[in-house]
Amino acid sequence: MEENQIIQLFNERSEKAITELSNKYGFLCKSIAENILKNKQDSEECVNDAFLGVWNSIPPQNPSSLKAYVLKIVRNQAIKKYHFNTAFKRNSQYDVALDELYECFSCFNNVESELDSLELTRLINSFLKTLSKNDRIMFIKRYWFAMSVTEIAEDLNVNNHYVSVKLSRIRESLKKYLEKEGFDL
């Protein structure tokens, strides 16, 4: 079923909307949540909460991309659950991925409180457009989907070292790009 048809089902308050949303994006939603949480039960809970969030927000919202809309909600739910679960401990894979990216913002205690998040989003999107397709895929898989270096290497049919080196270079390029755009890092 097409996205616009699913959105129409939400607007009509048809329970079939949840079923169709799950059929279309359920696997991807679970993958994102599991990459962050490393717990199947918590991941399923996040996906269910996200689907409820979509149900409660459409209408009045009318997203132009249902996929992006639901994935963002799932990711935010998983991050909230992750922070709740790890208030006193660390989940190495996700923390390592975040620590890698925050090196680009080394002087900020909290990126969201120091930078206007819309401007940062715009700059990161602009930076991503300068990357090759494979580099952009690696970056998104690591820092949006929270995939491990090993998973990325397997997906791209390259070795772990290659992915690690490329991600390091991409982060360094991002840091230089942000500095060039006027951010004092």
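For the structure, see preceding data.
Anyway, here's the lowdown on the structure attached to this text.

Conventions used here
- Residues numbered from 1 in each chain as written.
- Predicted model: local features only at pLDDT ≥ 70, side-chain atom pairs only at ≥ 80, totals over all residues.
- Heavy atoms only, no water.
- Axes fitted to C-alpha atoms, helices over the stretch in contact; angles between N-to-C directions.
- Helix = DSSP H or I, 4+ residues; strand = E, 2+ residues; numbered from the N terminus.
- Left-handed = near helix turned anticlockwise from the far one by under 90°.
- Contact = heavy atoms within 4.5 Å.
- Nonpolar A, V, L, I, M, F, W, Y, C, P; charged D, E, K, R; others polar.
- Parallel < 35°, antiparallel > 145°, perpendicular 65-115°, else oblique.

**Some words on the packing of helix α8 (residues 133-143) against helix α9 (residues 149-156)**
Item 1. Relative orientation of the contacting elements α8 and α9 amounts to 145°, with a least axis distance of 10 Å. Both α8 and α9 take part in a crossing whose hand is right-handed. Here α8 contributes Ile-137, Met-138, Lys-141 and Arg-142 to the contact with α9, which in turn contributes Val-149, Ile-152, Asp-155 and Leu-156.
Item 2. In terms of residue class, the contact of α8 with α9 is built from five nonpolar, no polar and three charged.

**Thoughts on the packing of α8 against helix α10 (residues 160-180)**
Packed helix pairs are specified by the crossing angle of their axes together with the interaxial distance, meaning the distance between the axes.
Item 1. Between α8 and α10, whose axes approach to 10 Å, the crossing angle comes to 90°. The pairing of α8 with α10 is recorded here as roughly perpendicular in orientation. Contact residues: α8 offers Asp-135, Met-138, Phe-139, Arg-142 and Tyr-143, while α10 offers Tyr-162, Val-163, Lys-166, Leu-167, Ile-170, Arg-171 and Leu-174.
Item 2. In terms of residue class, the contact of α8 with α10 is made up of eight nonpolar, no polar and four charged.

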